[in-house]
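# Coordinate inspection notes
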Amino acid sequence: MKIIVECWPEKWGLPSIDLNALIVMSYLSFAGVPYERRIPRWKLAFGKEPKFYVDDKEFSSVDELFSHLRKMGVSLEYDVTIVQSADILAFRSYIESVLKPALMESLLYDSKNYVDTVRPALGSMIGFPFSLFVPNALRDRVNSMTFANYNLEYVTESQAAQDIRDHGAECLTQLSHRLSTQKFFAHLALLLKCPLPSSPLQSHLQGCDNLIHFVNRVLREHFPNFYDEEEEKVKQEKETKRKKESDVVEWPNKRKNQVFAVLFGISAMLFYAFSSGMVTYEGKGAHIAFHSRGNRRRK
C-alpha cells in the first residue's frame, strides 16, 4: 500500500502548515504506517487543494481517507471498546466544529496575525506573482466557512469572532483535562507553533502545560527532523538577540572607557612635556612657552 500526502511545505518546526495534512501525517505516524510527503507547488500556486492518495485512489476529505484506511486495516482504535470509540468520534466532531473555527479565526481572520505572519509564510511558499492573490483568496474561502454558522445580519463579525474564540478556549480546557486518554495533535501543533503576534486562543493554550508537552513530545518522536531544525533555528535567533542586547548594554560603558583613555593619554603627554622641559609655565601672566628639544630655555 502506497500512501501519498500532498501538503503545503514545512514551517515553524512542523512538517506542514496544512491542518488536514498534519491530521493525516500524525495519524499515519501514530499507526506506524509509512507514507510519502509531497509538496505540489503548482497546485498551491493556482489555489488548488492538496489531495491524498492510497495506491490509485484519490481523496479530498480526511474522513473519507480514514474510512478507506480502516477498511485496509489501518486504525488507532484496535484496543478500544464500542463505547470508547463512539466517545472518540464525538470528541473529534466537537474539535472540528469548535476548535477548528477558533484556530482559523486566529490564523486567517485576525488581520494582524494574517498580515504579519500567515500571509508572508504562504507567499514565500508559492512565490511571485501568485503571492499577490492566492493567500487572500484562501483567506476569503476559509473565513466564509469559519462564520458559516452565524447570521451576520444579526451579529457583527467581531462579535462572532469573539464567540468563536471563547468556545475555542473552552475546548482547549476540555482537551487538556482528557489528554491522558485522547490525543488530538494537529490543531494544537499549528496553534502552538505559529508565531502569532495577537492571539488570545494561543495564549490560553500556552497556559496548558500538559498540551504543550504533548505537542513537543509528538514532534520530537514522530517528526524529529523538522523539530530539531526549528529548535536549532530558535537557539541561533536567541543567541543573536542576546549578543545584540549585550552590545547595547556594553556600549555606554565602552564609550566611557574610551573617553577616560583619551583623557589619561592627554594627561600623560602633558606631564611628560612639563617634566622634560618641552613646556614651561612663566610668571604671573600665566604664559606657557613651548620649546623644541634643541632650544630649551636656559635659566
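The preceding data block contains the structure.
Residues numbered from 1 in each chain as written. Predicted model: local features only at pLDDT ≥ 70, side-chain atom pairs only at ≥ 80, totals over all residues. Heavy atoms only, no water.

### Overview of unusual backbone geometry
For the bond running from Phe128 to Pro129, omega is 5 degrees, close enough to zero to count as cis. Structurally, Pro129 can be placed in the loop between α5 (111-126) and α6 (134-146). Here the phi dihedral of Trp12 falls at roughly 60 degrees; this positive angle occurs in a residue that is not glycine. Inspection of the secondary structure assignment puts Trp12 in the loop between β1 (3-6) and α1 (19-31). On the accessibility criterion, Trp12 (12% relative accessible area) is buried. One non-glycine residue, Asp55, adopts positive backbone phi at about 55 degrees. Considering the arrangement of structural elements, one finds Asp55 in the loop between β3 (52-54) and β4 (57-59). (Helix = DSSP H or I, 4+ residues; strand = E, 2+ residues; numbered from the N terminus. Buried < 20%, exposed > 50% of the residue type's maximum accessible area, 1.4 Å probe, protein only.)

### Re the pattern of salt bridges
By the definition in use, this model includes 9 salt bridges. Taking the shortest distance from any N to any O, the salt bridge between Glu10 and Arg37 comes out at 2.3 Å. Placement of Glu10 in the loop between β1 and α1 and of Arg37 in strand β2 (residues 36-38) is noted, with a sequence separation of 27 residues between them. On the basis of relative accessible area, Glu10 is assigned to the partly exposed category, the value being 36%. Among the ionic pairs, Glu105 bridges to Arg165, the shortest N-O distance being 2.7 Å. You can see Glu105 sitting in helix α4 (residues 82-109) and its partner Arg165 sitting in helix α7 (residues 157-178), a full 60 residues away along the chain. (Salt bridge = Lys/Arg side-chain N within 4 Å of Asp/Glu carboxyl O.)

### Section: helix α10 (residues 209-222)
A rise of 1.5 Å per residue sets the reference length of α10, with its 14 residues, at 20 Å; its end C-alpha atoms lie 20 Å apart and thus fit the reference within 8%. Considered for burial, the residues of α10 that qualify are Leu211, Ile212, Phe214, Val215, Asn216, Val218 and Leu219. (Expected span 1.5 Å × (residues − 1).)

### Remarks on a nonpolar patch on the surface
A surface patch of nonpolar side chains, amounting to about 370 Å² of accessible area, comprises Phe128, Leu132 and Phe133. With respect to the helices and strands, the residue Leu132 is situated in the loop between α5 and α6. (Patch = residues over 30% accessible without salt bridge, like charges linked within 9 Å, V, L, I, M, F, W, Y side chains within 5 Å. Areas by Shrake-Rupley, 256 points an atom, 1.4 Å probe, with all protein chains shown as cover.)

### Section: the sheet that holds β3
With mixed pairing, 4 strands are arranged side by side in an open sheet as β2-β1-β3-β4. Both edges of this open sheet fall to β2 and β4, since each of them pairs with a single strand only. Looking at each pair of strands side by side, their axes are set apart by 20 degrees on average, direction ignored. Pairing of β1 with β3 involves 3 bridges; the strand directions are antiparallel. Note on β3: the bridge partner recorded for Val5 is Phe52. Each of β1, β2 and β3 is contacted by α1, which is oriented at about 150 degrees to β1, the strand it contacts most. Helix-sheet contacts for helix α3 (residues 62-71) involve β1, β3 and β4, and the interaxial angle to β3 is about 15 degrees. (Pairing = 2+ DSSP bridges. Axes fitted to C-alpha atoms, helices over the stretch in contact; angles between N-to-C directions. Contact = heavy atoms within 4.5 Å.)

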